[in-house]
Amino acid sequence: MRLSRYFLPTLKETPAEAQIVSHRLMLRAGLIRQQAAGIYSWLPLGFRVLERIARIVREEQDAAGCHEILMPTIQPAELWKESGRYDDYGKEMLRFRDRHDRELLYGPTNEEMVTDIFRAFVKSYRQLPVLLYHIQWKFRDEVRPRFGVMRGREFLMKDSYSFDLDQAGARRSYNKMFVAYLRTFARLGLKAIPMRAETGPIGGDLSHEFIILAETGESQVFVHRDLVERDILAEAVDYDSDLQPLVDSWTSLYAATDEKHDEAAFAAIPPEKRVAARGIEVGHIFYFGTKYSGPEAMNVTVQGPDGKPVHPEMGSYGIGVSRLVGAIIEASHDEAGIIWPESVAPFRVALLNLKVGDATTDALCADLYDRLRANGVEVLYDDREERAGVKFADADLIGLPWQVIVGPKGAAGGMVELKRRKGGERHELDRDAVLERLIG
Ligand code: 5CA
């Protein structure tokens with residue numbers, strides 16, 4: 001992509017309304033635009049990141065045997081009256097009426113609707129387990145939307161739902177999602193630690209929050225260092241095997257949010273293994289049994305093995321897809337701007353032409369641009385008529401993993417500079433060496 005033709009409205013001034021670094025950087029780097037309190041448009045660069053995150057989330061859900069569907073954002077009030085949550089949910093739910101005076105709402109979550117889909121089609125225990133997910137916009141009328149996309153009113157969530165015959169089956173589904181979440185966050189370049197959590201308005205008695213460590217996080221967390229250092233991607237995972245030992249190996253070490261913190265248990269950990277840090281919740285999983293399928297709610301049954309009706313055991317599993325864009329920036333930035341992990345970077349390489357109009361520099365840039373793209377490397381080519389200083393600052397601000405810097409002096413000798421955004425290391429390389437580094 002040529003920057004001169006791209007839509008990248010970066011800001012020079014730091015926006016006054018943004019209280020935290022990710023919000024400031026998202027506005028300055030031209031990722032989003034606020035349209036109303038807690039409601040954002042996604043501009044080209046931001047939208048690319050959002051799509052990349054969604055793709056990784058999707059791949060890991062599919063690998064765990066969860067099937068993608070797409071439910072609407074707008075839901076009929078009747079379903080929520082059946083479950084009893086229509087009144088419970090309070091002012092966070094956006095309610096309205098259509099022209100026929102039917103009560104509707106903008107979905108804050110989808111337990112009721114997915115249960116309605118389930119009851120329409122699943123009649124026998126033989127069809128279980130059923131695992132479904134979608135990636136869809138939600139609306140929660142938060143009293144104080146803040147921190148940009150981290151606590152929005154409209155936000156993108158991946159929400160999965162499981163239906164099983166019994167508790168043991170539900171636990172297997174829960175474990176699959178638990179492991180899929182560990183893998184998902186690791187692939188996004190994050191250290192996410194599962195922690196026992198309260199269930200709140202979703203309900204149930206088994207729940208984990210997945211919390212990433214970031215200095216600016218909203219909550220205080222206490223974690224055993226081995227959990228922080230463990231790399232799930234180095235471990236083989238077979239979703240058809242019993243995942244309980246793997247889950248136990250994560251949950252047996254100490255990890256707690258402020259609310260669940262146990263001073264004595266934490267003090268029992270060797271001092272060098274104690275990590276007290278700030279955290280951001282990026283995912284939350286719940287096992288709530290028959291809260292929605294039971295007789296006092298939507299009263300859903302399937303035929304059990306003995307011919308008698310059984311209420312399926314359910315769980316739900318959420319990931320804050322749009323929140324993750326902010327959370328990744330909170331975890332990975334410096335004074336100059338964003339530092340995208342390779343897996344979600346909107347482009348892999350920034351190609352900086354420091355002297356547009358100089359024939360040798362232009363020719364070398366054009367050649368690198370063509371050859372990188374021909375080899376599947378995504379390049380944002382800064383071919384604008386701007387000063388070098390502006391190009392350096394913008395490249396650091398938008399945070400692509402690699403910068404290829406081409407100036408007239410180097411170009412005359414066929415040399416360019418390769419800079420890694422993370423850490424800032426630089427190498428003088430010739431054209432072939434730089435291609436080899438970036439393509440290889
Ligand atoms: N139905 C369950 C699981 S699917 C549920 O709604 N869980 S939740 O309330 O915990 O939300 C799931 C995830 O969505 C959270 O972990 C968080 O990452 C994200 N999220 C929740 N509220 C917001 C918000 N206001 N802005 C951005 N992301 C949010």
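Conventions used here
- Residues numbered from 1 in each chain as written.
- Predicted model: local features only at pLDDT ≥ 70, side-chain atom pairs only at ≥ 80, totals over all residues.
- Heavy atoms only, no water.
- Domains from an automatic or database assignment.
- Contact = heavy atoms within 4.5 Å.
- Buried area = accessible area lost by both parts, 1.4 Å probe.
- Salt bridge = Lys/Arg side-chain N within 4 Å of Asp/Glu carboxyl O.
- Polar contact = N/O pair within 3.5 Å; in protein donor to acceptor, adjacent residues only side chain to side chain.
- Helix = DSSP H or I, 4+ residues; strand = E, 2+ residues; numbered from the N terminus.
- Nonpolar A, V, L, I, M, F, W, Y, C, P; charged D, E, K, R; others polar.
- Phe/Tyr/Trp six-rings, centres within 6.5 Å; stacked < 30°, edge-to-face > 60°.

Draft legend 1. Quick look at the domain arrangement of the chain. By domain assignment, the chain separates into domain 1 (3-338) and domain 2 (349-439). Distance from the C-alpha centre of domain 1 to the C-alpha centre of domain 2: 38 Å. Taken together, the 15 residues of domain 1 in the interface contact 12 residues of domain 2. The junction of domain 1 with domain 2 conceals about 1,200 Å² of combined surface from both sides, 58% of it contributed by carbon and sulfur atoms. Our count for the domain 1 to domain 2 interface comes out at three salt bridges. Linking Arg-48 and Glu-378 is a salt bridge whose minimum nitrogen-to-oxygen distance equals 3.2 Å. Joining domain 1 to domain 2, the criterion identifies nine residue pairs in polar contact (both at pLDDT 80 or more). Elements supplying a minimum of two residues to the side of domain 1 that touches domain 2: helix 1 (21-28), helix 2 (44-63) and strand 18 (337-338). If one sorts the elements of the side of domain 1 that touches domain 2 by residue count, helix 2 sits on top with three residues. Residue composition of the side of domain 1 that touches domain 2, by class: eight nonpolar, three polar and four charged.

Draft legend 2. Looking closely at the packing of aromatic side chains. Under the definition given, this model contains 13 aromatic pairs. When the ring of Tyr-181 is compared with that of Phe-185, the centres are 5.9 Å apart and the planes differ by 85°; the resulting orientation is edge-to-face. Here Phe-185 and Tyr-181 lie together in helix 6 (residues 167-187), a separation of four residues that amounts to about one turn. Measuring from centroid to centroid gives 5.3 Å for Phe-222 and Phe-266, while their planes differ by 70°, and the two rings are edge-to-face. Residue Phe-222 is found in strand 11 (residues 219-224), and its partner Phe-266 is found in helix 9 (residues 263-267); the two are separated by 44 residues along the sequence.

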